[in-house]
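# Inside the fold
Now for the letters of each chain:
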Amino acid sequence: MTAQLPTLPTGPAAGPGDGATVVGESLLRGAWHRLRRSPLAVAGAVIVLLFVLVALAAPLLAPYEPASTQWAGDVTPQSVPGPSADHVLGLDSFGSDMLTQLLYGARQSLIVGVVSTLLGLSVGAALGISAGGLGGKVDTAVMRLVDILLSIPSLLLAVSVAAVMGQSQLSVMIAIGVAQVPIFARLLRGSMLSQSRSDYVLAAGALGIRRRRIVLGHVLPNSLGPTIVQATLSLATAIIEVAALSFLGLGDSDPAVAEWGRMLVAAQERFGNDPRLAVYPGVCIAITALGFTLFGEALREALDPRQRR
Amino acid sequence: MNPEVSGGRDEVLLRVRGLKVHFPITRGIVLQRTVGHVQAVDGVDLDVRRGQTMGLVGESGSGKSTLGRGILRLGVPLTAGTVEYDGVDIASLRGEQLRRQRSAMQMVFQDPMASLNPRQSVENLITEPMRAHGKPVDTTTVARLLELVGLPRSAALRYPHEFSGGQRQRLGIARAIGLEPALVIADEPVSALDVSVQAQVLNLLEELQQRLGLTYLVIAHDLAVVRHVSDDVAVMYLGGIVEQAGSDDLYRSPLHPYTRALMSAVPVPDPEVEDRRQRILLRGDIPSPAAPPTGCRFHTRCPYRQQTRCDDERPVLRELRPGHRVACHFAEEIDSGAIQPAEAAQMVGTAPASP
C-alpha cells in the first residue's frame, strides 16, 4: 500500500440485496428456516407433536377407562390375553386394556417430563445467570455447589431425592429436576462467560450501556441457544428417568395412574410368556425419547452460528 | 485534517500523563501470587488537540491498543497516571460517573462483525446507547444517522450479518457518533477491511470530523493509513512513546531509529527514489513486555546503539524541534549523520527488488 490512498467517493452504499425486502432476517428467523428444511427436525417434531397430542387427548382416544380391572378374571398366572377385537393391543398383567394404559401413560410422561425439565431449567438457569452474570465470589460459590451436585450420578441423586421425599408424583418431578439443575447451571454459565469476552460486550461497555442491561439484554440472549437445545434433550432423559424411577419402585404410589416405567416392572415377571407386555411400553419410551432427541439435535444445528452465511 | 481549529479554550482535549497499564502475572491455583507484571503501557504522555487527529502507530505488542482501552477505561486496569479529558480526570471516575462520561468518548472497533450484537437490529443497536444516555430518540434519528454514514434508510430493520464488512464498520461508526462524542478512539478501524473499502471508511471518518468537529485518536499498524488521516503521529514501542510529531514532519524526517526503521519499510511510489531508498532491517522480535530491556527499550534492536547510556538510561521524550519530540539520547547525532548504523549488515540498500 502506498502512502497516498486513492480518494474514493463516500456515496451512499447500496443496501444488501437491494431494496425489495426491507425487514432483515433475525437469527431466530434464520434458525426457523433451517429447521424446516431439515428432515430430522421434521421427523422429530412430528413424533413430539404426536406424543403431546396423544397425551392431551388421551381421554378422547382411549377406548376404555384407565386402570379399570374389569377383565382381571381373564388374566391367568401363566398368560395374559393378547390382541383381540375388543382390545387391540390385548390386556396388561392387571387385566386393564393395554392401549388405554399406554395412552394415559403418555400423559403421565409428558407432565412429569415437562414439569421436571422446567424445574431443572429454571433453577439451573437462575444459578447459571447469577454465576455468569455476577462473577467473582458468587460465581465461585455457585459453581462449587454445582460441582458437588454433579459429582453424584444423576440417577442416584434422583433416587435419593425420591427416597427422602417419599413416593409421589411431585417427588419424582423434583428428583428429576434436581438432577438436571447442575447441567443447566454449568451450561448457561459457560456460554455466558464466553459471550462476555466477545467484542460486542466490550463495545456495549464502551457505549455506556448499564451492566445489568448488558448481562440480561446482550450476554444472556446470545447464550441461550445451547440451553434451549439441552432442555429439549433433557425432556428425553426425563421421560426415561421417570420410567427408571418407577421401575425402581420410587414412582407415583397410586397404582391407578398408568405409567410406562411401572408397566415395564409389571411386565418383568411375565416376560418369558408375554414379552409384548414389556415391548409396548418400551417402544413408547424409546420412540418418545428419540423424537425429542432428534428435534433437539436439529435445533442445535439450526441455532449454531456457523451454519449461517 | 483541519489544522485551523483554535480559539480561546484549552486546545488540548485529551491529556494523558504518565499512564501505566501493568497486568499482573499470577502463579498457583488456590493461593495466587504475583510473579511479575506485563508492562503493556509504561509511562505514556500524550496530548490530543481538539478537532485534530492523532495517529498512534507501532507493531503488534507495542501496547497501542491497550493504551487506547486504558484511556477509555475499557476492561483495562490503570496502574498509574492520569487521563484528563476536557479538564476532567477520567482515571479516577468510578461506576455511574464513568458510565455517563462514556457518551463523550467513543470507540470504533477493529472487527465490525464481532463488535455488533448479532441479535440486535440496526435500529436497536443505534438507539440503545442513546437511550442509555437519555438522548432524545425520535422516528428520524436512525435514518439521519444512517444517512450520515452513507447507509440507506432501509438498513434500519436489518441485522448485522446481512451487511458487508465496510457497511458493518459504518454501522459501528453510526452507533458511536449517535452519542455525539467529542473524542473518538478508532482501534485499527480499517485493518479488517478489504483495501478497496479501507479508503471509503477513512474518507467517511474524515468527512464526519469536518461535519461534527470530532477529535480522533486513530490506532493502526499501517503507516499509510495513519499518514492519510493524521495531523499528529505518535510512534509507540514496547509500552512507551518514542517519537511524536506533526504527520508531515515525522514522515519527512523521522528522528528516532525505530521510526526510521518503520519508515524505511514503506515502499515509495517513485521508482527512482525507491531504488535509492535505504532500508533498515530490524533484528528479531519485539522483546517481551513482561521483561523489558533496561535503559532504552529499543537498544536491543537498535542499529545506532552506542556504548554509553543506551542500555542503562531510559531516554525521556524531549522536544528537538518545535512540536517534534523524540525519546533517543543520540537523536541529534543520528540526524546530523555523526552516528552511523553500527553493523553494515543491517542496512540493505534496495537494489531493484526482484518481483
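Quick caveat, the model's predicted, so the values are computed rather than measured.

### Remarks on the overall build of chain A
What chain A contains, in helices and strands, is 11 helices and 0 strands. Reading chain A from its N end, one meets helices and strands in the order α-α-α-α-α-α-α-α-α-α-α. By residue count, 46% of the 309 residues in chain A fall in the buried class. Roughly 15,000 Å² of accessible area belongs to chain A as shown, and the carbon and sulfur atoms make up 66% of that amount.

### What about unusual backbone geometry?
All names here are of chain B. Here Glu188, not a glycine, exhibits a phi torsion of approximately 50 degrees, which is positive. In this structure, Glu188 sits in the loop between strand 7 (183-187) and helix 6 (195-212). With relative accessibility at 8%, the residue Glu188 sits in the buried group.

### Things to note about the sheet that holds strand 1 (residues 12-27) of chain B
Residues and elements named next belong to chain B. Spatial strand order, 2-1-4-5: 4 strands in an open sheet with antiparallel pairing. Looking at the sheet topology across the chains shown, the edges are occupied by strand 2 (33-49) and strand 5 (88-89). Inspection of the sheet shows strand 4 (residues 80-85) paired to strand 5 by 2 bridges, in the antiparallel sense. Bridge pairing in strand 5 links Glu84 to Asp89. Sitting on the sheet, helix 1 (residues 64-72) touches strand 1, strand 2 and strand 4, and the angle it makes with strand 1 is about 110 degrees.

### Points about a nonpolar patch on the surface
Nonpolar side chains collect at one region of the surface, where Val42(A), Val46(A) and Leu50(A) lie side by side and expose about 250 Å² of accessible area between them. Take Val42(A): it is sitting in helix 2 (residues 39-56).

### Section: the packing of helix 4 (residues 98-134) of chain A against helix 5 (residues 136-151) of chain A
Residue and element names in this part refer to chain A. Remark: helix 4 packs on helix 5, axes separated minimally by 7 Å, with the N-to-C direction vectors making an angle of 145 degrees. Every pair of crossing elements has a handedness; the one defined by helix 4 and helix 5 is left-handed. Residues Leu127, Ser130, Ala131 and Leu134 of helix 4 lie in contact with helix 5, whose contacting residues are Gly136, Val138, Asp139, Val142, Met143 and Val146. Residue composition of the contact of helix 4 with helix 5, by class: 7 nonpolar, 2 polar and 1 charged.

### A look at the pairing of strand 7 of chain B
All names here are of chain B. When you tally the buried positions in strand 7, you get 5 out of 5 residues, the bulk of the element. Neither face of strand 7 is left uncovered, since the one carrying Leu183, Ile185 and Asp187 and the one carrying Val184 and Ala186 both have all their residues buried. For strand 7 and strand 8 (residues 215-220), the ladder comprises 5 bridges, and the chain directions are parallel. Within strand 8, the position partnered with Ala186 by the bridge is Val218. Crossover connection from strand 7 via helix 6 to parallel strand 8: handedness right-handed.

### What to know about the sheet that holds strand 10 (residues 240-246) of chain B
Residue and element names in this part refer to chain B. The 8 strands lie next to each other as 6-7-8-3-9-10-13-12, forming an open sheet whose pairing is mixed. Of all the strands in the sheet, just strand 6 (105-108) and strand 12 (318-321) have a single pairing partner and so form its edges. Taking the axes of each pair of neighbouring strands and ignoring which way they run, one obtains an average angle of 25 degrees across the sheet.

### Quick notes on the pattern of salt bridges
Under the definition given, this model contains 25 salt bridges over all chains. With a closest N to O distance of 3.1 Å, Arg301(B) and Glu59(B) form a salt bridge. Here Arg301(B) is found in the loop between strand 11 (278-280) and strand 12, whereas its partner Glu59(B) is found in the loop between strand 3 (53-57) and helix 1, with 242 residues between them in sequence. The partly exposed category is assigned to Glu59(B), whose relative accessible area is 25%. Connected through salt bridges with shared partners, the residues Arg210(A), Glu96(B), Arg99(B) and Arg100(B) form a single ionic network.

### Things to note about the nonpolar core
Judged by nonpolar contacts, the single largest core of 78 residues is most densely connected at Ile126(B), Leu146(B), Val149(B), Ile173(B), Ile177(B), Leu208(B) and Val235(B). Here Ile177(B) is in contact with Leu145(B), Leu148(B), Val149(B), Leu208(B), Leu212(B) and Leu214(B), once residues within four sequence places are set aside. Residues Leu202(A), Val76(B), Ala104(B) and Leu217(B) belong to the second largest nonpolar core, which totals 35 residues.

Calculation notes
- Residues numbered from 1 in each chain as written.
- Chains lettered and ligands numbered in written order.
- Predicted model: local features only at pLDDT ≥ 70, side-chain atom pairs only at ≥ 80, totals over all residues.
- Heavy atoms only, no water.
- Helix = DSSP H or I, 4+ residues; strand = E, 2+ residues; numbered from the N terminus.
- Buried < 20%, exposed > 50% of the residue type's maximum accessible area, 1.4 Å probe, protein only.
- Areas by Shrake-Rupley, 256 points an atom, 1.4 Å probe, with all protein chains shown as cover.
- Pairing = 2+ DSSP bridges.
- Contact = heavy atoms within 4.5 Å.
- Axes fitted to C-alpha atoms, helices over the stretch in contact; angles between N-to-C directions.
- Patch = residues over 30% accessible without salt bridge, like charges linked within 9 Å, V, L, I, M, F, W, Y side chains within 5 Å.
- Salt bridge = Lys/Arg side-chain N within 4 Å of Asp/Glu carboxyl O.
- Left-handed = near helix turned anticlockwise from the far one by under 90°.
- Nonpolar A, V, L, I, M, F, W, Y, C, P; charged D, E, K, R; others polar.
- Right-handed = clockwise from strand over helix to strand, strands pointing away.
- Core = buried A, V, L, I, M, F, W, Y, C linked by side-chain atoms within 4.5 Å.

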